[in-house]
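Chain by chain, the residues:
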Amino acid sequence: MLKIQNLHANIEGKEILKGIDLQVNPGEVHAIMGPNGSGKSTLANVLAGREEYQVTQGTILLDDQNLLELSPEERARKGIFLAFQYPVEIPGVSNAYFLRTALNEIRKANGLEEMDAADFLMMIRRKMKKIELDNDLLHRPVNEGFSGGEKKKNEIFQMAVLEPRLAILDETDSGLDIDALRVVANGVNSLRNEKNAFIVVTHYQRLLDYIVPDFVHVLYKGQIVKSGTKELALELEEKGYDWLKNGNGR
Amino acid sequence: MDTKNIIEHFSNLYAGQIDSGKIGLAAIRDEAFARFSALGFPKPKDEEWRFTDISPLLDIPFTQASDVDESGILAQSLDSFWIPDVDGPKIVVANGVLSKGLSQRLNNLPFKISSVYDAKQAKVIAEFVKNSPAADSNGFTALNTSLMRDALFLDVPANTNVREPVQILFLSSGSEKPQAIFPRLIVRIGRNSRMTLIESYASRHESIYFVNGVSDIHIEENASLHHVRLQADSASAFHIGHSFVEQKQDSRYQSCSISIGSRISRHHISAILDGSGAETRLDGLYLGKGEQLLDNHTLIDHKAAHCQSHELYRGVLADKARGVFSGKILVERNAQKTDAIQNNNGLLLSEEARIDSKPQLEIYADDVRCTHGATVGQLDDEALFYLKSRGIGHNTAKGILIYAFAEEALKNIESKPIRTYVDGILNRFFREVNT
Ligand SMILES: Nc1ncnc2c1ncn2[C@@H]1O[C@H](COP(=O)(O)OP(=O)(O)OP(=O)(O)O)[C@@H](O)[C@H]1O
Ligand SMILES: [Mg+2]
């Protein structure tokens, strides 16, 4: 589904990603871990098409199509979804209106009919219940004044509504209480199927107890220095990153 | 033209105008013209006009607009200027003169509509004109007083709820020769009465003209006026408008001033809160593109205690458009417990657009709460990316953000049909600046 080869990316002239290779197949969950500032969010943003990052080398293919040629909105319409590490507040735009516009733009691009207000409302009511999102957040401006945890839940709620093929969760677990963590994980797990895939960026093994990954990668200074299965996360939890920094990864 | 030529030019217009001696305005006009001759038009060094260069206006030799031939215009051709689904009267003032022929639903109203040509009302109107701050505020208002060809007077008696919004269209006929038009409106809302008023300015043809209007608004005890003012004149027109509002005890004035037309536009509102418990809400939205200059000046004069004023102006400017906002809140010595909030926010859609903002607080009472804030910024890239990352196209995403920004200034328009109509104007503006 997704094939990243030798990806290099800059921001403001500074090289952050220094040759990333990663392949994600349908049905898989990949966890990406790594110290602060190693480039995890950069990778997530490059995948979503953020214009501020310049890709200087390498390729990203989504089903054999060059992803780098597509605008952020085209990528979203092809099924890419980024749950932001820091969700943005948008004053004056209600959550419900925003989501319906997004859903219908994606549907239109995929040759589906737009969903009318009544059907939409019924569908999102169901999904909100699952994510245990407070009904009143639906009618408030997007993320404005939401608590940290509510913002993260709102990301997962959007994911549940848009049903992406490849979801990238950037530290969605940070700032969630124990119950919310379980709810979010359940949300992800109930969406999992053999056609879609997830890239889960996290600092904590705890999340991976709920969302069990097929692969774990360690990103360090812009490169994937070690890949393994879920046991790698346990090992990291125990030993920290130091043993990798000393060159043991390769 | 230099000042001397300008005054001479307008003297000729003044000398050539129809004599209105028999309606008691001659002396008032003479006086106002003397004021104009002394004041001239504002100069760039006048503090109040520092950001607004009116010299392009002064270079054009305007003539006094002539009567509009009512039979030459079909009432239906004005349909697009009326707000759909609003059932109240539709009043047309063409080139500054009340046109009964083009107006609709003037009968059986709970209030009186009259003009200086109605002998019974002429005296009252003359009295309002005489006492209006327009007589000597500045060269523009003095010129309006001396050269206006009519005055429209809406008089709402006490204890009257005017249910349907009243629409007034100040129509400029447009012609080959640039014309000057001097609309004059007088509104009195009697005690305990209420009304919603839409005052709009437009032309059927794209042409160069100069609207120099004055509105005098009197709101008596416990009365209320919802006022939407829509300046949608031709792209090459000049529009200078002054609204003088006077409020008595416990009255409410709620204004939304929307400016979208004209090459150079200035709307000045002064609201005088002259009785305790009065409330004023001044909202405004200016939408500029090309090389437009849209200027809004407001003055809220808290004369009495326990009054509230809330003010929110928002501007969206594309291309090389410029915006000016100057808002003054004056709290006089006796106006204790004043509660005044003023905000002005600008959104620039291009590198070359610009907004000059000048909030002024002048406070002479000690027990008051006054705040003001001004921001100017561009579209939030993070928000734009967030919307796009959810599949929303670039232009749609931009439109959503601009709309959300502008809408804040329209929130107090209570009437659904008016709000829908204004939303349509907003959407048209986005489409134009997005292509
Ligand atoms: N706009 C920017 N200008 C300059 N440097 C930037 C910018 N954005 C990110 N960086 C730098 O890029 C590096 C990688 O940042 P990134 O956000 O990808 O790290 P991360 O792995 O997600 O870290 P964390 O675990 O703290 O979220 C950091 O050193 C950061 O300071
Ligand atoms: Mg990060």
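Just so you know, these numbers come straight off a predicted model, no measurement behind them.

### Section: the overall build of chain A
A count of helical and extended segments in chain A gives 9 helices and 12 strands. A globule of 250 residues ought to have a C-alpha radius of gyration of about 18 Å, and chain A, at 18 Å, matches this closely. The buried share of chain A, taken over its 250 residues, is 54%. Taking contacts inside chain A between residues at least 6 apart in sequence as the whole, the part at least 24 apart equals 68%. About 11,300 Å² of surface is accessible on chain A, with carbon and sulfur atoms providing 47% of the total. Between the mean site of the 31 positive side-chain charges and the mean site of the 37 negative ones, chain A shows a separation of 2 Å.

### Some points on the overall build of chain B
A tally of regular secondary structure across chain B gives 8 helices and 21 strands. Relative to the 2.2 N^0.38 estimate, which gives 22 Å for 435 residues, the radius of gyration of chain B is 21 Å and therefore close to what a compact globule would have. Counting only C-alpha atoms, chain B reaches 70 × 55 × 45 Å along its principal axes. Across the 435 residues in chain B, those meeting the buried criterion constitute 60%. Contacts spanning at least 24 positions in sequence make up 84% of the contacts within chain B whose residues lie at least 6 apart. Positive and negative side-chain charges of chain B, numbering 47 and 55 respectively, have mean locations separated by a distance of 2 Å.

### A word on unusual backbone geometry
Residue and element names in this part refer to chain B. Of note in the backbone geometry, Arg105 takes a positive phi value of approximately 55° without being a glycine. Mapped onto the fold, Arg105 is located in the loop between strand 3 (97-104) and strand 4 (112-115). A relative accessible area of 42% places Arg105 in the partly exposed class. A positive phi is found at Asn222, a non-glycine position, where the angle reads about 55°.

### Thoughts on the UniProt feature "domain: SUF system FeS cluster assembly SufBD core" (unreviewed entry) in chain B
UniProt records the feature "domain: SUF system FeS cluster assembly SufBD core" (unreviewed entry) for residues 176-405 of chain B in the present numbering. Helix makes up 9% of residues 176-405 of chain B and strand 59%, whereas the separation of the span's terminal C-alpha atoms amounts to 39 Å.

### Comments concerning the site of ligand 1
All names here are of chain A. Inspection of the region around ligand 1 gives 15 residues, with Gly37, Lys40, Ser41, Thr42 and His203 positioned closest. Its free accessible area being 640 Å², ligand 1 has 68% of it covered by the protein chains. Looking at the shell around ligand 1, the elements that each hand over two or more residues are strand 2 (14-24) and helix 1 (40-48). The dominant element in the shell around ligand 1, judged by the number of residues it contributes, is helix 1, at 3 residues.

### Some remarks on the side chain of Asp339 of chain B
Residue and element names in this part refer to chain B. Position of Asp339 among the secondary structure elements: in strand 19 (residues 339-348). With a relative accessible area of 18%, Asp339 lands in the buried category. A polar side-chain atom of Asp339 sits 2.9 Å from a polar atom in the side chain of Arg369. Sequence-distant contacts of Asp339, defined by excluding residues within four places in its chain, comprise His302, Cys307, Gln308, Ser309 and Arg369.

### Quick word on the pairing of strand 16 (residues 293-302) of chain B
Residues and elements named next belong to chain B. Among the 10 residues that make up strand 16, 9 are buried, leaving the element largely enclosed by the rest of the structure. Pairing of strand 14 (residues 264-273) with strand 16 involves 10 bridges; the strand directions are parallel. Within strand 16, the position partnered with Ser270 by the bridge is Leu299. With 10 bridges connecting them, strand 16 and strand 18 (residues 322-331) associate as parallel partners.

Definitions and cut-offs
- Residues numbered from 1 in each chain as written.
- Chains lettered and ligands numbered in written order.
- Predicted model: local features only at pLDDT ≥ 70, side-chain atom pairs only at ≥ 80, totals over all residues.
- Heavy atoms only, no water.
- Helix = DSSP H or I, 4+ residues; strand = E, 2+ residues; numbered from the N terminus.
- Rg over C-alpha atoms; globule rule 2.2 N^0.38 Å.
- Buried < 20%, exposed > 50% of the residue type's maximum accessible area, 1.4 Å probe, protein only.
- Contact = heavy atoms within 4.5 Å.
- Areas by Shrake-Rupley, 256 points an atom, 1.4 Å probe, with all protein chains shown as cover.
- Lys, Arg positive; Asp, Glu negative; His and termini not counted.
- Charge placed at Lys NZ, Arg CZ, Asp CG, Glu CD.
- UniProt positions renumbered as here; feature names shortened; annotations may be inferred.
- Near = heavy atom within 4 Å.
- Polar contact = N/O pair within 3.5 Å; in protein donor to acceptor, adjacent residues only side chain to side chain.
- Pairing = 2+ DSSP bridges.

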